[in-house]
Amino acid sequence: MGSSKKHRERGEAAAAPGAGSGTAGGGAGPAEDPPPASAPAPASASASSSSSSSRHREHKKHKHRGGGSGSGSGSSERRGKRSRSRGERSRRRSGGDEAAAPGGSSSRGHGRAGERGAAEAEGGRRAKRERREDGHETATALKSGSGEALSLSIEETNKLRAKLGLKPLEVGTIKKEAGTKEDPMAADVINPMALRQREEIREKLAAAKEKRLLNQKLGKIKALGEDDPWLDDAAAWIERSRKLQQEKDLAEKRAKLLEEMDQEFGISSLVEEEFGQRKKDSYSSRDLQGLTVEHTIESFQEGETLVLTLKDKGVLVEEEDVLVNVNLVDKEKADKNVELRKKKPDYEPYSQDESVDDMAQAKPRVLLAKYDETLGGLRRPGFRLAAGGEADGTAQRELQQVREALRSQAQSLAGPGPRLAAEYLTPEEMSVTFRKPKQRVKRLRRKEKLLTAEDLLALGPAPSDHGDHGSRSRGRGRRQRVQEEGEGESQEEADEDPLEDPPPPPSDDTRVENMDISSDDEALPPGSPPVLEEDEAEQELQKQLEKGRRLRQLQQLREGGDKVAEAVRRLARAGPGLDADMGVEPEEAGAEPERKGAIVFNATSEFCRTLGEIPTYGLAGNREDPQDLLDFERDEERSVTGASGSDGEENMGWSTVNLDEEKQQQDFSASSTTILDEEPIVNRGLAAALMLCQNKGLLETTVQKVARVKAPNKSLPSAVYCIEDKMAIDDKYSRREEYRGFTQDFKEKDGYRPDVKIEYVDETGRKLTPKEAFRQLSHRFHGKGSGKMKTERRMKKLDEEALLKKMSSSDTPLGTVALLQEKQKAQKTPYIVLSGSGKSMNANTITK
Amino acid sequence: MIEVVCNDRLGKKVRVKCNTEDSIRDLKKLIAAQTGTRWDKIVLKKWYTIFKDHVSLGDYEIHDGMNLELYYQ
């Protein structure tokens, strides 16, 4: 330790005050400032001496002082040789030594001289020892480095502490931990036997103490083993018994005396009352009056006894007591459970059969009766006990009887109920519903008579009957013709108006006619019975109706018939010259009366009129060619077409006539101008010249489609793009200017059929397919294009298409043919030699 | 009086005698006196616990024979 100090001091350049071997001094020395160097110098000397003394304390104390100083001086000398600084130190040290030396060796002054000599002799030895010790010191220094701890003694520490200003060590409180880890000492032996013995003694003492106390307590009680004098000895026993008897007597006397005293004071009655009252609180049947029993009386059968107990109720419940029989309660509960388990339907809408109670009182109408129990509480049966705890069922029985009586009296409103209806009428019904049917039968018979008898007689010589009863082949018209021809002459003077012909029956249907006639001619018999009046009214009504109907029919027939008659007449007149075209003739026939000013409405004509213009009219080729017809014929046709109603072209016919004329005029005018106008156009001006060129086709008038602006690949910013909503125009001024009238196509553009071809182009100028065009449109519309993947695919596709187009049709994609030709040119042979191994057949040989 | 062992694992192992009521500062001074470094350059630690100067050894429960780690700052 000291040596290490020395080492450190050697390293230190700063002038440290001595204390080469002094640890504490050395430690304090370098720590403190150099100026107080002199002060610690003696201390260091002393320290050094102390340190060296500490080292060798064990064996030589006083010797070491001198030796220490000597060795110190010796060592300082040696050190002085090594370095100058050390020399300084040594000088100081020597100075210190000298200071110390007289102080230290004052006591040994006498021995000094001898010692000096010896010291010198020893000095050499000391020097050697010093050397050894130095080496030893170094060795120890190394040792301390390895594991040995440097430590100071207590005195040194105290000195150091004093220097530092700390309290000295408290030596008294050194722990007796029996040494440190390094030198363990045996601990005190714990003697368990001694401990146990001590414990036992303690327990014993405690037990003895308790025993003593108990004995004191129990000492008074006699044990069994104790002797009673009177048990063994008869005399003693007798005495004892006598004593007891005497005591009893005395006690009795005392009690008597006391009672007498009580009686004197009148307290005895009170005492008796106290003791006697307990008998009177018994419970008897009279106390049962008024209690309710929670069962029906019917449940108590004759001859059986049931024990009733109080029903359980809550402690704080203050209702009156209720008696129940436990078995009956269980039975009722079981019955209720069985009922519930049957699962009867909860809701029966028509369950309340009777609106009247048992006692002929109106039952209240209950809604949702199944909830009454849960809402209102369970209604329990019960009866009260009368006086003496009795109850009888007579009241109940009487009530029951009354109920039954009422029920028997009740009338049901149900009625007889539905029955199957009888198929045949009963005699009563017969008399009620029908009137006498006899007259009717009579009436019918009379009618038939009229037909058969009178009719034949009347119509025998009638002009209508020529013995010709009609046939299908002839048709209806023929008869009329014959008739007409027969009567024609008579009628020619008369008006030709067909409507005013006399009414001969034109139809073959004689029966109908005859019926009509008979109905007309029939005269009512004067003496008709009054019952027939009703029938007469009906008859008249029917007569009128039939008349009207007949008139209408006749009119129609006559018209038709008249027309046919006219047609026949014309046929007869014109002969086979005209075609038998019924289409023309009826028109002509119809034209005559129409010429006279009458307009005939026909269903077909009306229908055809509302049809509208038939565009294909006149194109079928049925009509005569307009060129062949002469004007008058055309006029006729025109008039026919114009005037006819049956074809339904009244309005359009007139207009078409006009148009045709106009068209013809236009055609003429157009054809005339184009031929004539060529030359004068050029002279007129630039516009005319342009027109000429255009007509000739010298100018390119087609509008070239400009390539569209390159659409951005990225999505359109929605701020720039908006959808125009035409419905948003809502101010009144703009609304006013809208045209709301009927729009019609221009007549000039009737024949104009433009050939529209819309071409879409993409950014490169390529024409788009409809699909691509639509895609473009939709991108524009939605404001966003395709994503990255999609666009890449499209680009790839387009590139492939471009490549495809670029591909040469005559050659392979790699241009093999061209290469072949090149090779041939190079080799100047029309062939190529494919030879050699595969190695030579690589790309290098084949390419140019 | 307790004896505390301070080791810096580099060769310096010091046994210092001190009182329980001494502060760490005093201990450091004693160590410094024995080791030769300055007391304010010494850091006493136990694992990561740095012993502060103003606290006494008794408060830190440093008993006799305890090992403290000697570091320098």
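Up top is the structure these notes are about.
Residues numbered from 1 in each chain as written. Chains lettered and ligands numbered in written order. Predicted model: local features only at pLDDT ≥ 70, side-chain atom pairs only at ≥ 80, totals over all residues. Heavy atoms only, no water.

Q: Is there a simple way to explain the overall build of chain B in this structure?
A: Each helix and strand in chain B was counted, giving 1 helix and 5 strands. Of the regular secondary structure in chain B, the N- to C-terminal order runs β-β-α-β-β-β. Classification of the 73 residues of chain B by burial places 51% in the buried group. For chain B, restricting intrachain contacts to residue pairs at least 6 apart in sequence, the fraction spanning at least 24 positions comes to 51%. Accessible area of chain B: about 3600 Å², with a carbon and sulfur share of 49%. (Helix = DSSP H or I, 4+ residues; strand = E, 2+ residues; numbered from the N terminus. Buried < 20%, exposed > 50% of the residue type's maximum accessible area, 1.4 Å probe, protein only. Contact = heavy atoms within 4.5 Å. Areas by Shrake-Rupley, 256 points an atom, 1.4 Å probe, with all protein chains shown as cover.)

Q: Help me understand the overall build of chain A, please; the structure alone is not making it clear to me.
A: When helices and strands are counted, chain A shows 30 helices and 5 strands. Each of the 848 residues in chain A was classed as buried or not, and the buried ones make up 16%. In chain A, the share of contacts with a sequence separation of at least 24, taken over all contacts with a separation of at least 6, comes to 57%. On chain A, roughly 69700 Å² of surface is accessible, and the fraction owed to carbon and sulfur atoms is 56%.

Q: Would you take a moment to explain the pattern of salt bridges for this structure?
A: If the charged atoms of two oppositely charged side chains come close together, the side chains can form a pair. Per the counting criterion, the structure on display carries 15 salt bridges over all chains. In this structure, the salt-bridge partner of Arg161 of chain A is Asp22 of chain B, at a minimum N-O distance of 2.6 Å. Residue Arg161 of chain A is found in helix α7 (residues 154-164), and its partner Asp22 of chain B is found in the loop between β2 (13-18) and α1 (24-35); the two belong to separate chains. When sorted by exposure, Arg161 of chain A lands in the same class as Asp22 of chain B, which is buried. (Salt bridge = Lys/Arg side-chain N within 4 Å of Asp/Glu carboxyl O.)

Q: Help me understand the nonpolar core, please; the structure alone is not making it clear to me.
A: Residues Leu27, Ile31, Leu44 and Leu68 of chain B are the most contacted members of the largest nonpolar core, which totals 21 residues. Contributing elements (two or more residues each) for this core: β1 (2-7), β2, α1, β3 (42-46) and β5 (67-72) of chain B. Among the elements that make up this core, the one with the highest residue count is α1 of chain B (6 residues). Residues Val293, Ile297, Phe383 and Leu385 of chain A belong to the second largest nonpolar core, which totals 6 residues. (Core = buried A, V, L, I, M, F, W, Y, C linked by side-chain atoms within 4.5 Å.)

Q: I would appreciate a short explanation of the sheet that holds strand β4 (residues 322-324) of chain A in the present structure.
A: Within a beta sheet, neighbouring strands are joined by backbone hydrogen bonds and run either parallel or antiparallel to one another. All names here are of chain A. Pairing in this open sheet of 4 strands is mixed, and the strands run β3-β4-β2-β5 from one edge to the other. Looking at which strands have only one partner, the edges of the open sheet turn out to be β3 (309-310) and β5 (383-384). Looking at chain direction, strand β2 (residues 292-293) and β5 are connected through 2 bridges and run antiparallel. Within β5, the position partnered with Thr292 by the bridge is Arg384. (Pairing = 2+ DSSP bridges.)

Q: Got a minute to help me understand the packing of α7 of chain A against α1 of chain B in this structure?
A: Think of two packed helices as two axes; the pair is described by the angle between the axes and how far apart they sit. Relative to each other, α7 of chain A and α1 of chain B sit at 115°, their axes nearing to 11 Å. Handedness of the α7 of chain A/α1 of chain B crossing: right-handed. The segment α7 of chain A lies against α1 of chain B, with Leu160, Arg161 and Leu164 of chain A engaging Lys29, Leu30 and Ala33 of chain B. When the residues that make up the contact of α7 of chain A with α1 of chain B are grouped by side-chain class, the tally is 4 nonpolar, no polar and 2 charged. (Axes fitted to C-alpha atoms, helices over the stretch in contact; angles between N-to-C directions. Left-handed = near helix turned anticlockwise from the far one by under 90°. Nonpolar A, V, L, I, M, F, W, Y, C, P; charged D, E, K, R; others polar.)

Q: I keep staring at a nonpolar patch on the surface and nothing clicks. Help me out?
A: All names here are of chain A. A cluster of nonpolar side chains, namely Leu258, Met261, Phe265, Ile267 and Leu270, defines an oily patch on the protein surface of about 520 Å² accessible area. Take the nonpolar patch: its biggest share by element is 3 residues, from helix α10 (residues 234-265). Tracing the sequence through the fold places Leu270 in helix α11 (residues 268-276). (Patch = residues over 30% accessible without salt bridge, like charges linked within 9 Å, V, L, I, M, F, W, Y side chains within 5 Å.)

Q: What am I meant to see in the side chain of Asp22 of chain B here?
A: Among the residues examined, Asp22 of chain B registers a relative accessible area of 6% and is labelled buried. Within polar-contact distance, the side chain of Asp22 of chain B engages the side chain of Arg161 of chain A at 2.6 Å. Setting aside residues up to four positions removed in sequence, Asp22 of chain B forms contacts with Arg161 of chain A together with Ser56 and Leu57 of chain B. (Polar contact = N/O pair within 3.5 Å; in protein donor to acceptor, adjacent residues only side chain to side chain.)

Q: Please explain the sheet that holds β1 of chain B as it appears in this structure.
A: The strand order across the open sheet formed by 6 strands is β1(A)-β2(B)-β1(B)-β5(B)-β3(B)-β4(B), and the pairing between neighbours is mixed. Each edge of the open sheet is held by one strand with a lone partner, namely β1 (150-151) of chain A together with β4 (49-50) of chain B. Where β3 of chain B meets β4 of chain B, 2 bridges bridge the pair, whose relative direction is antiparallel. Residue pairing in the sheet places Lys46 of chain B in a bridge with Thr49 of chain B of β4 of chain B. Along the sheet, α1 of chain B makes contact with β1 of chain A together with β1, β2, β3 and β5 of chain B, crossing β2 of chain B at roughly 130°.

Q: It is not clear to me how the packing of aromatic side chains should be interpreted in this structure. Could you clarify?
A: Aromatic ring pairs are described here by two measures, namely the spacing of the ring centres and the angle between the planes. Scanning the model with the defined rule gives 3 aromatic pairs over all chains in all. Judged by centre distance (5.8 Å) and plane angle (85°), the ring pair of Phe300 of chain A and Phe383 of chain A falls under edge-to-face. With a gap of 83 residues between them, Phe300 of chain A in the loop between β2 and β3 and Phe383 of chain A in strand β5 connect regions that are remote in the sequence. The ring of Trp39 of chain B has Lys29 of chain B sitting right over it, with the charged end atom 5.3 Å from the ring centre. The ring of Tyr71 of chain B carries the charged tip of Lys45 of chain B above its face, separated from the ring centre by 5.0 Å. (Phe/Tyr/Trp six-rings, centres within 6.5 Å; stacked < 30°, edge-to-face > 60°. Lys NZ or Arg CZ within 6 Å of the ring centre and 35° of its normal.)

Q: Honestly, a negative patch on the surface in this entry has me stumped. Any pointers?
A: All names here are of chain A. On the surface, Glu259, Glu260, Asp262 and Glu264 cluster together into a negatively charged patch. By the element assignment, Asp262 lies in helix α10. The exposure class assigned to Asp262 is partly exposed, which follows from its relative accessible area of 32%. (Lys, Arg positive; Asp, Glu negative; His and termini not counted. Charge placed at Lys NZ, Arg CZ, Asp CG, Glu CD.)

Q: What am I meant to see in the environment of Lys45 of chain B here?
A: Tracing the chain through its elements places Lys45 of chain B in strand β3. Beyond its immediate sequence surroundings of up to four residues, Lys45 of chain B is in contact with Ile50, Phe51, Leu68, Glu69 and Tyr71 of chain B.

Q: I keep staring at unusual backbone geometry and nothing clicks. Help me out?
A: Among all residues except glycine, the phi angle is most often negative; among peptide bonds, the trans geometry is most common. Residues and elements named next belong to chain B. One non-glycine residue, Arg9, lies in the positive phi region at around 60°. In this structure, Arg9 sits in the loop between β1 and β2. Exposure remark for Arg9: the relative accessible area of 73% places this residue in the exposed category. We note that Glu61 has phi near 60°; this positive angle belongs to a residue other than glycine.

Q: When you look at a positive patch on the surface in this model, what are you seeing that I'm missing?
A: All names here are of chain A. Where like charges cluster on the molecular surface, the positive patch consists of Lys771, Lys790, Arg793, Lys796 and Lys797. Top contributing element to the positive patch by residue count: helix α28 (residues 788-806), with 4 residues. Mapped onto the secondary structure, Lys796 falls in helix α28. The class for Lys796 is exposed, based on a relative accessible area of 55%.

Q: How do you make sense of the pairing of β3 of chain B when you look at a structure like this?
A: Consecutive side chains along a regular strand alternate between the two faces of the sheet. By the criterion of burial, β3 of chain B is predominantly enclosed, with 4 of the 5 residues buried. Turn length for the β3 of chain B-β4 of chain B hairpin, with the two strands adjacent in sequence and antiparallel, is 2 residues, and the turn residue Trp47 of chain B shows positive phi of about 60°.

Q: What is the right way to read the pairing of β5 of chain B from this model?
A: Bridge analysis of β1 of chain B against β5 of chain B gives 3 bridges, and the strand direction is parallel. If you follow Cys6 of chain B over to β5 of chain B, its bridge partner there is Leu68 of chain B.

Q: Sorry, what's going on with the state of the cysteines here?
A: What is meant by a disulfide is a covalent connection between two cysteines, made through their sulfur atoms. Residue and element names in this part refer to chain B. By the definition in use, this model includes 0 disulfides over all chains. Cys18 takes part in no disulfide bond, and the closest cysteine sulfur, belonging to Cys6, lies 8.2 Å away. We classify Cys18 as buried; its relative accessible area is 0%. (Disulfide = S-S within 2.5 Å.)

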